[in-house]
Amino acid sequence: MAQDICLVVNVDSDPDPVSEVQADAAILAKYGRMRKILAGHTGGAAAWTVLTGPMYRNRFYSAPFTDFWGELITDGADLVLHPEEDLYGPGPGTVSESTTYYHTEHMREVIVTCVENMDKAGLALPAYRGGYHGFTPEIGVILKEVGIGIELSCAPGIVWPQKAADWGDAPLSAYYMSGERQSQLAGSDEADALFEIPWAWDGKAPGTSRRFVVGENYIINEFSNLEAMKSVWDAVVARADAAQTQQIVSMVCHTYTMGRDEYEDRLTAFLDYARLNRARFVSPTQAKAIFDADAASSGLAAQ
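Residues numbered from 1 in each chain as written. Predicted model: local features only at pLDDT ≥ 70, side-chain atom pairs only at ≥ 80, totals over all residues. Heavy atoms only, no water.

### A few points about the nonpolar core
- Counting residues in each nonpolar core, the largest one holds 75 residues, and the members touching the most others are W48, F60, W69, Y128 and W233.
- A174, Y176, I290 and F291 belong to the second-largest nonpolar core, a separate cluster that totals 18 residues. (Core = buried A, V, L, I, M, F, W, Y, C linked by side-chain atoms within 4.5 Å. Buried < 20%, exposed > 50% of the residue type's maximum accessible area, 1.4 Å probe, protein only.)

The structure is reproduced here in structure tokens:
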């Protein structure tokens, strides 16, 4: 029996290059191009990150960007709180070979402020993704306090303590996360566990394209190639068939490459390939609902 294979397209909206401040109109033009591609290939379902960081603390949490975010929600996408405290920084207290994500009170202020700003704009932030896959159990506590229930930082196999990325033995498909260690399943007594959607991985090696950037063993449009991305997807499909279990995974693409044929063509070709090979494109909230429904029909308690 063919199993459900759900794919969340993570759209990283960071306005690279990090050293230049770009005009709102230029950024929104690239956003619009990505939106058009996804409308034609995923029906608009996606996870769009909303950047915050020392260089751009509140810029993307106010007009004109909040108007665009509202349109994306209408398309069927979810918005994702995305702190980049070291890339667009560095953040306060960071030293060499460490990260701001370990500074819990700083992260609390960042997360709470972003959620409050979006609340004022009437926009929901149902999900979170840390830069460089950074996440700590302490951040998890904060997310639950502000009503964020979905986490998207996991890249299975990755262990980068310099970035608070501890996903070495994480599950390869969506799961409810332990409050004590993010790569472990939640216990039956954890009623408020975060729902984690990992990046699709071929399970061969936690390969990188450069330091602290994953590569061809994952589905990352700007740091891989089409054949490698197809191969990772084939591994996900094979996993679903071998285990006869549902798979819910994610991939990533970046808006800063919009307007460049190489990256647009690769992205559209991969999305077409995935769709023809059983991908069901969903937003994070849709993925969670599908997971919970499957658990209920299997007689397992959803969190």
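Following the structure, the description resumes.
### Regarding the packing of helix α1 (residues 24-41) against helix α6 (residues 261-276)
- As a packed pair, α1 and α6 sit with axes 10 Å apart at the nearest point and diverge in direction by 20 degrees. On the basis of the axis angle, α1 is roughly parallel to α6. Relative to α6, the crossing made by α1 is right-handed. Only E264, L267, T268, L271 and D272 of α6 make contact with α1, whose side of the interface consists of R33, M34, I37, L38 and H41.
- Grouping the constituent residues of the contact of α1 with α6 by class yields five nonpolar, two polar and three charged. (Axes fitted to C-alpha atoms, helices over the stretch in contact; angles between N-to-C directions. Helix = DSSP H or I, 4+ residues; strand = E, 2+ residues; numbered from the N terminus. Parallel < 35°, antiparallel > 145°, perpendicular 65-115°, else oblique. Left-handed = near helix turned anticlockwise from the far one by under 90°. Contact = heavy atoms within 4.5 Å. Nonpolar A, V, L, I, M, F, W, Y, C, P; charged D, E, K, R; others polar.)

### Re helix α4 (residues 137-146)
- The complete set of buried residues in α4 reads I139, G140, I142 and L143. Down the axis of α4, the sector holding all buried residues measures 160 degrees, keeping them to one side.
- Close packing links the buried residues of α4 with α3 (104-120), β4 (127-128) and β5 (150-151).
- Note on α4: the residue one or two positions beyond its end, G147, has a positive phi of about 90 degrees. (Arc of directions from axis to C-beta.)

### Side note on the side chain of N117
- Position of N117 among the secondary structure elements: in helix α3.
- Of the polar contacts made by the side chain of N117, one reaches the side chain of N58; its length is 3.2 Å.
- When residues no more than four places from it in sequence are discounted, the contact partners of N117 are N58 and Y61. (Polar contact = N/O pair within 3.5 Å; in protein donor to acceptor, adjacent residues only side chain to side chain.)

### A few points about the pairing of strand β1 (residues 5-12)
- The buried count for β1 comes to eight of eight residues, which makes it a mostly enclosed element.
- Where burial is concerned, the two faces of β1 agree: the one with I5, L7, V9 and V11 and the one with C6, V8, N10 and D12 are both buried.
- In this structure, β1 lies alongside strand β12 (residues 247-254), joined through eight bridges in parallel fashion. The residue of β12 that forms the bridge with C6 is I248.
- Bridging between β1 and strand β13 (residues 279-281) involves three bridges; their strand directions are parallel. Across the sheet, residue C6 finds its bridge partner in β13, namely R280.
- As paired strands, β1 and strand β2 (residues 47-52) are joined by two bridges and run parallel to one another. When the bridges of β2 are listed, V11 appears paired with W48. (Pairing = 2+ DSSP bridges.)

### Notes on the pairing of β2
- Taking burial as the measure, the six residues of β2 include six buried ones, the bulk of the element.
- On β2, burial covers both faces: A47, T49 and L51 on one face and W48, V50 and T52 on the other are all buried.
- On the question of chirality, the crossover connecting β2 to the parallel strand β3 (residues 78-83) by way of helix α2 (residues 65-75) is right-handed. (Right-handed = clockwise from strand over helix to strand, strands pointing away.)

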